[in-house]
Structures are given as C-alpha cells and as structure tokens.
Amino acid sequence: MSLVTLSRVRRSYGGVRALDDVSLTAPEAQVLALLGPSGSGKSTILRLIAGLEPVDAGEIRIGDEVMSSSARAVATEERRVGMVFQDYSLFPHLTAGANVAFGLNKLGRAERETTALKWLDRVGLKHRAGSYPHELSGGEQQRVALARALAPAPRAVLLDEPFSGLDPVLRAELRDATLATLMEARTTTLFVTHDAEDALQVADRLAIMKAGKLLQESAPRQAYDAPTSIDAAAALGPINVFEGRVEHGAMATPFGAIKAAHLPEGACARAAVRAEALRLIPGDGARVLSVRPHGAHDVVRIGSGGVVWRALAPPRSALGETVSVEIQPAGAFAFSVSS
Ligand code: ADP
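The notes below deal with the structure included here. The model shown is predicted, which means the values in this text are computed figures rather than measured ones. (Residues numbered from 1 in each chain as written. Predicted model: local features only at pLDDT ≥ 70, side-chain atom pairs only at ≥ 80, totals over all residues. Heavy atoms only, no water.)

## Examining the sheet that holds strand β6 (residues 81–85)
One open sheet holds the six strands; their spatial order is β6-β7-β8-β3-β9-β10, and the pairing between them is mixed. If you trace the sheet from one side to the other, it starts and ends with β6 and β10 (213–218), each paired once. Shown here is a sheet whose adjacent strand axes are inclined to one another by a mean of 15°, direction ignored. Sheet strands in contact with helix α6 (residues 168–185) are β3 (31–35), β7 (156–160) and β8 (188–193), and its direction is about 170° off that of β7. (Pairing = 2+ DSSP bridges. Helix = DSSP H or I, 4+ residues; strand = E, 2+ residues; numbered from the N terminus. Axes fitted to C-alpha atoms, helices over the stretch in contact; angles between N-to-C directions. Contact = heavy atoms within 4.5 Å.)

Printed below as a string of structure tokens:
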C-alpha cells in the first residue's frame, strides 16, 4: 500500500502525444478515478505505472521508490502492482482458485490455497473456486480477476474499464462490490473509465483527462461544483456552452445573468451551464423543441433566439409548449475564452 506519483510524465507514439506533462498523485489506500474520453491517455498512464512501457520524460514513483524515469525502469514483476485490464483475461486452462493462486508463488502450497480461497470469498465466489473461466459469467470473471490482482497484496492496483461490456444492472452491482472489496483491502487504486457515473461512484479523488493532458484533479464533489474549465465541466455530464462579454461582473444570457466577477470587465468569456441547472417554469421566452426520457428526468431541448439549450428536467414539459427558463447559479461557470 503506497501512494503512486507521476511527475511531469511524457509519452508519445510517433507523432501522437499520449501523455503531455502529466503530474498526478494517487493517494494511499484510496481510489483515484481517471476519467476522460477514449484516446485521452488514461490507459497509457496505467501501462507506464505497470512498467509495460517506458516514460519518455518525467518520473513515476511508488512510495519513495522511483519505478520509471529516463534513467531507470524497474521490471513489471518487481513493481508489485495488481492489474485488472479489460482485455487481461483469466488463464482459460486454470480454475478460478488456480487463477487467484497463480501470483502467490512465494507462498507454500497450503498457504497459497488458503489465501486464494480467502480472496475468492471476499469477492463472493468461494463456491466457484473449482470452476473454469468459461463456466463463469462475465461479471464473475471480473471478480476473479480482481481477487487475483489483490491476493498478492500489491502496493497498488490498476483497473482499466473493468466493467465495460457488462449490462447496466450487473455493472452497477459489480461496481459496488468492487468498491467494497477495495475499501476492505485498503489498496491504493487507479481506476480508468470513460463513464462519469462510474467515476463519481468509485472515486475518492478524480482526475479528468483530455488529449493527453490532465485537466483537473480534485475531490469528485469539487470537480462537479467547481470545474476549472469548460472541458472539465463537460466531463461530468451534459452542459450548454454560452459565449458573451463580461459586463458589470456578469454574462447576460437569454435566461438570466451568470456571475463572472472573477474575469476582467469587458472580456470575451465562455460559460458552461449544466443541463440540470436549467429550471423550466411556466411562462414564455423559450420553446420546447423535443422531450426525451432520461432516467427520472427528461432531456428537454429548448430554443430561444435561434439558440438551442439542453435541460435535464423533471418530466413535466410538453412539446411545443413555451416555458420560462432560470439558470441556477450553482451549475453555471464562467471562464476566460482561453480556458
Ligand atoms: P485512453 O485509455 O484514454 O482511451 P490511450 O492511453 O489508450 O487512451 O491512448 C492515448 C493516445 O495514444 C491515443 O491517441 C492512442 O491512439 C495513442 N496510443 C496508445 N497506445 C499506442 C500505441 N501502442 N501505438 C500508437 N499509438 C498509441
């Protein structure tokens, strides 16, 4: 159990900068979720921490020990990190028990078996110890993979999209079970996902990535309540982007003012308004263009002055209706145009 630190890490593939000067700390015994769209560099971070590839520049430490730098590359098997990768499947010819026991080669045979069973028990699969991977469901296989990663008491565990490919109900169940196991094991965890909900559900800390850059690293609540850029705001759910000028410390929109006192007077600014921060009330000023259910809410497209906004609202609005729209200040953020 250790913290994992990346300092100014760079990695390119040909002309593609997969990681551009990334500095990041995964706190000890907590879950750091790496959230970003496909291609943003999340898996590259995990591969570099695992030592599957070298860094081009910068340094990776686990605890106090340098694992990767331009001068040093500790071998993967000596880093003591556990991995559950999307395509890192179980050994098909070994039972679940033998898969978990596989990494425990420093222990005697009896102790290996007991430890493997203990970990299968922790993921709720002790009764399947004798089953082969093809006899297990996708979710069960991922639970065995998690037990296999955690059994050798790694200093950190790396999970790369571990729930993708599972149906939504199973996904939520497995996510909760995985989190419970990780909390019990108190293992430093890096968890890669492109799914904001997964990230918010598992993360103690959240790192938002885009195009090889770290956009924001903070507590999940802070990332939601105080994004540092339009892109960081967009990572956690649908937003509306509004451009305008700062006048009297605010940006005037068709639906009220957005506070912008922190920006220079007269400057061009862009605001992110979370879809759930638009309140639709009876009145006029905007027309409902479409209504689509989205869980407990509706996604409502509303038009005003030739501009279309997207709201997440309680299912009340009807197509063609006119509504009044209010922006709730807690979900509206103004940035200078360069942000
Ligand atoms: P993510 O995990 O966020 O989807 P990746 O870390 O897999 O992103 O990839 C980051 C970028 O690096 C992408 O543009 C990807 O195409 C590129 N990349 C990753 N691995 C390789 C590789 N082995 N060869 C060439 N390009 C790669």
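## Some words on the pattern of salt bridges
Considering all chains together, one arrives at 23 salt bridges under this definition. In this structure, aspartate 21 and arginine 10 form a salt bridge, with 4.0 Å as the shortest nitrogen-oxygen distance. In this pair, aspartate 21 is assigned in strand β2 (residues 16–26) and arginine 10 in strand β1 (residues 4–13), connecting sequence segments eleven residues apart. Measuring nitrogen to oxygen at the nearest pair gives 3.8 Å for the salt bridge that ties arginine 72 to glutamate 65. Linked through salt bridges whose partners overlap, the residues forming this network are Arg8, Arg10, Arg17, Asp20, Asp21 and Lys213. (Salt bridge = Lys/Arg side-chain N within 4 Å of Asp/Glu carboxyl O.)

## A short note on the pairing of β8
For β8, the buried fraction is high: six of the six residues fall into the buried class. What you see with β8 is no split at all: Thr188, Leu190 and Val192 on one side and Thr189, Phe191 and Thr193 on the other are buried throughout. Sheet analysis places β3 next to β8, joined by five bridges and oriented parallel. Following the sheet pairing, leucine 34 is matched in β8 by valine 192. Pairing geometry for β7 and β8, over five bridges, is parallel. Residue pairing across strands places alanine 156 opposite threonine 188, the latter belonging to β8. Crossover β7 to β8 through α6 is right-handed. (Buried < 20%, exposed > 50% of the residue type's maximum accessible area, 1.4 Å probe, protein only. Right-handed = clockwise from strand over helix to strand, strands pointing away.)

## What about the site of the ligand?
Taken together, Tyr13, Val16, Ala18, Pro37, Ser38, Gly39, Ser40, Gly41, Lys42, Ser43, Thr44 and Arg47 are the residues near the ligand. Measuring from an oxygen atom of the ligand, one finds a side-chain N or O atom of serine 43 at 2.7 Å. In the environment of the ligand, an oxygen atom lies 2.5 Å from a nitrogen or oxygen atom belonging to the side chain of threonine 44. Its free accessible area being 560 Å², the ligand has 61% of it covered by the protein chains. Breaking the shell around the ligand down by element, the ones donating at least two residues are β2 and α1 (42–50). Broken down by element, the shell around the ligand gets its largest block of residues, four residues, from α1. Residue composition of the shell around the ligand, grouped by class: four nonpolar, six polar and two charged. (Near = heavy atom within 4 Å. Polar contact = N/O pair within 3.5 Å; in protein donor to acceptor, adjacent residues only side chain to side chain. Areas by Shrake-Rupley, 256 points an atom, 1.4 Å probe, with all protein chains shown as cover. Nonpolar A, V, L, I, M, F, W, Y, C, P; charged D, E, K, R; others polar.)

## Some details on unusual backbone geometry
With a phi angle near 45°, arginine 8 is a residue other than glycine that sits in the positive phi range. For arginine 8, the location among the structural elements is in strand β1. Classification of arginine 8 as exposed rests on a relative accessible area of 52%.

## A closer look at the nonpolar core
Ranked by size, the top nonpolar core spans 40 residues in total, and within it Val100, Leu120, Val144 and Leu206 carry the most contacts. At the level of elements, β3, α3 (96–101), α4 (109–122), α5 (138–150), β7, α6, α7 (196–202) and β9 (205–210) are the ones that each hand at least two residues to this core. For this core, the element with the highest residue contribution is α5, accounting for six residues. Ignoring any residue separated from it by four or fewer positions in sequence, one finds leucine 206 in contact with Leu32, Ala33, Leu35, Ala199, Leu200, Gln216, Glu217, Ser218, Pro220, Ala223 and Leu236. By size, the runner-up hydrophobic cluster in this structure holds 28 residues, among which are Leu6, Leu19, Ile49 and Val81. (Core = buried A, V, L, I, M, F, W, Y, C linked by side-chain atoms within 4.5 Å.)

## Quick notes on the sheet that holds strand β12 (residues 250–253)
To summarise the sheet geometry, strands pair through backbone hydrogen bonds and adopt either a parallel or an antiparallel arrangement. In spatial order, the strands read β13-β12-β11-β14-β19; together these five strands make up an open sheet with antiparallel pairing. Taken across any chain shown, the strands that pair with only one partner, and hence form the sheet edges, are β13 (256–259) and β19 (332–336). Each strand of the sheet is rotated relative to its neighbour by a mean of 35°, with strand direction disregarded. Here five bridges tie strand β14 (residues 268–274) to β19, and the two strands are oriented antiparallel to one another. Counted as the bridge partner of alanine 269 is serine 336 from β19.

## Describing the packing of aromatic side chains
Using the criterion set out here, one finds four aromatic pairs in the structure. For the ring pair phenylalanine 163 and phenylalanine 191, a centre distance of 5.7 Å and an interplane angle of 45° mean the geometry is tilted. You can see phenylalanine 163 sitting in the loop between β7 and α6 and its partner phenylalanine 191 sitting in strand β8, a full 28 residues away along the chain. You can call phenylalanine 191 buried: its relative accessible area is 2%. Ring-pair connections join several aromatic residues into one group, and the members of that group are Phe242, Phe255 and Trp309. Stacked on the ring of tryptophan 119, the Lys or Arg arginine 122 has its end atom at 4.4 Å from the ring centre. (Phe/Tyr/Trp six-rings, centres within 6.5 Å; stacked < 30°, edge-to-face > 60°. Lys NZ or Arg CZ within 6 Å of the ring centre and 35° of its normal.)

Bear in mind that shape data such as this cannot, by itself, settle questions of function.
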